[in-house]
Amino acid sequence: MLVFGIAIALGAVAAATPGTHARQRGIRENAPWLAFYGTARQMGDLRRVAATFRLIDIDADPTAGNFTRADIATLRAGGRNTVLSYLNAGACERYRSYWRTAPSGLIPCGANGAAQIAAYHRYPKEVWMNPGNADYRRLIVEHVAPRLAATGVDGFFIDNLEIVEHGAHDGEAPCDTTCATGGLTLVAELRKKFPDLVLVMQNATSSTTREARVGGVAFPSLLDGVSREETYAPRYDRDAEADLMAWRRLSLTPNGRPFSITTEDYVGSCSQDARARRVYAKSRERGFSPYATISSANQDRVCFWAF
């Protein structure tokens, strides 16, 4: 078990963001679910999406202009659906506004050389960041996340925290104990600042996070769900499935609601019905909520599967 002695008052209640009174911890329903990183125009009929999916993950970065507050309200369908915004916690994209600029007192990613670990080999527009760097955490917690929350989303879909699993000798992006501690602390700081928002962590589902404690609090209790990429496609990952099963055995109930466990797999196109059907069957057999789409780098189309 990993224990991190970070004193964070998780019971503190942050001031509510105007217009967010209906938001609260816990995911009402997580099936069907959707991960989509395009624009509202690319999504198409937002009402159809809202009628089809109960959990919807989008990129609500306001400077990207993908979705308006009205669009997000449509997707939320009066609170029936849970709409999350992508939040990159373990890496920083060079095209984000906060790569170049940040409010006074904060350091943008591009200027924080001390927090930059290495280029992200699979995604050349991204740089792995060290969450053990306090300035980087402040940027995320005090600037990036509040801007997303102000769009009216229900919470955050936290990506690239697998940095905490890399270890000090990783070939691409090493992350020592201070770095790993910082990653878990970042989530605790988000929970403190946004006590009523939903936090879902993508990947990073090993015992490194599952068995960790932050400031005397079990790390899993900070979350409302986890999600995992590439569990069943393009190839079966037995270890990823086992990790998700271990999370399921924790029997967590944030805000009295079931802990969400979702899978996202990549089948090449939205017409690969047979392949997607197999993925859905395997995921559902384990009690997870599946979604299948084209590829990790191509998620700007909604796949409406008829099963």
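Computed from a predicted model, the values in this text were never measured in an experiment.

This next bit is on the confidence of the model for the protein chain. For the protein chain, mean pLDDT is 94; residues scoring 70 or higher make up 93% of the total. Scored below 50 in pLDDT, residues 11–21 makes 11 contacts in the model with residues more than four places away or belonging to other chains.

The next thing to look at is the nonpolar core. By size, the foremost hydrophobic cluster in this structure holds 89 residues, and its most contacted members are M43, F156 and L190. Discounting residues that sit within four places of it in the chain, M43 has contacts with L34, F36, V49, I58, F67, L75 and V302.

This brings us to the pairing of strand β13 (residues 260–266). For β13, the buried fraction is high: 7 of the 7 residues fall into the buried class. Going residue by residue along β13, you find S260, T262, E264 and Y266 tucked away on one face and I261, T263 and D265 tucked away on the opposite face as well. Pairing analysis gives 5 bridges linking strand β12 (residues 225–229) to β13, with the strands arranged parallel. Counted as the bridge partner of E229 is E264 from β13. As a crossover connection, the stretch from β12 through helix α8 (residues 238–249) into β13 is right-handed. As paired elements, β13 and strand β14 (residues 289–293) share 5 bridges and run parallel to each other. Its bridge partner being in β14, T263 is matched across the sheet by P290. A crossover links β13 with its parallel partner β14, the connecting element being helix α9 (residues 273–285), and its sense is right-handed.

If you check α9, its first and last C-alpha atoms are 18 Å apart, about what 13 residues at 1.5 Å a residue would give, namely 18 Å. Listed as buried for α9 are A276, V279, Y280 and S283. Along the long axis of α9, the arc covered by the buried residues comes to 100°, so they all point the same way. For α9, the elements touching its buried residues are β13 and β14. At the exit of α9 stands G287, carrying a positive phi of roughly 85°.

Turning to the environment of N298, a few remarks are in order. Of note, N298 is situated in the segment after β14. Sequence separation of N298 and G216 is 82 residues, and the distance between their C-alpha atoms is 40 Å.

Turning next to the packing of aromatic side chains. A complete count under the given rule lists 13 aromatic pairs for this structure. When the centroid spacing of 5.2 Å and the interplanar angle of 90° are considered together, the rings of Y280 and F307 count as edge-to-face. One end of the pair, Y280, is in helix α9; the other, F307, is in the segment after β14, with 27 residues separating them in the sequence. Its relative accessible area of 5% is what places Y280 among the buried residues. Cluster of aromatic residues (ring-pair linked, three or more members): W33, F53, F157, Y291 and F304.

Rules used in this analysis
Residues numbered from 1 in each chain as written. Predicted model: local features only at pLDDT ≥ 70, side-chain atom pairs only at ≥ 80, totals over all residues. Heavy atoms only, no water. pLDDT = per-residue confidence, 0-100. Contact = heavy atoms within 4.5 Å. Core = buried A, V, L, I, M, F, W, Y, C linked by side-chain atoms within 4.5 Å. Buried < 20%, exposed > 50% of the residue type's maximum accessible area, 1.4 Å probe, protein only. Helix = DSSP H or I, 4+ residues; strand = E, 2+ residues; numbered from the N terminus. Pairing = 2+ DSSP bridges. Right-handed = clockwise from strand over helix to strand, strands pointing away. Expected span 1.5 Å × (residues − 1). Arc of directions from axis to C-beta. Phe/Tyr/Trp six-rings, centres within 6.5 Å; stacked < 30°, edge-to-face > 60°.

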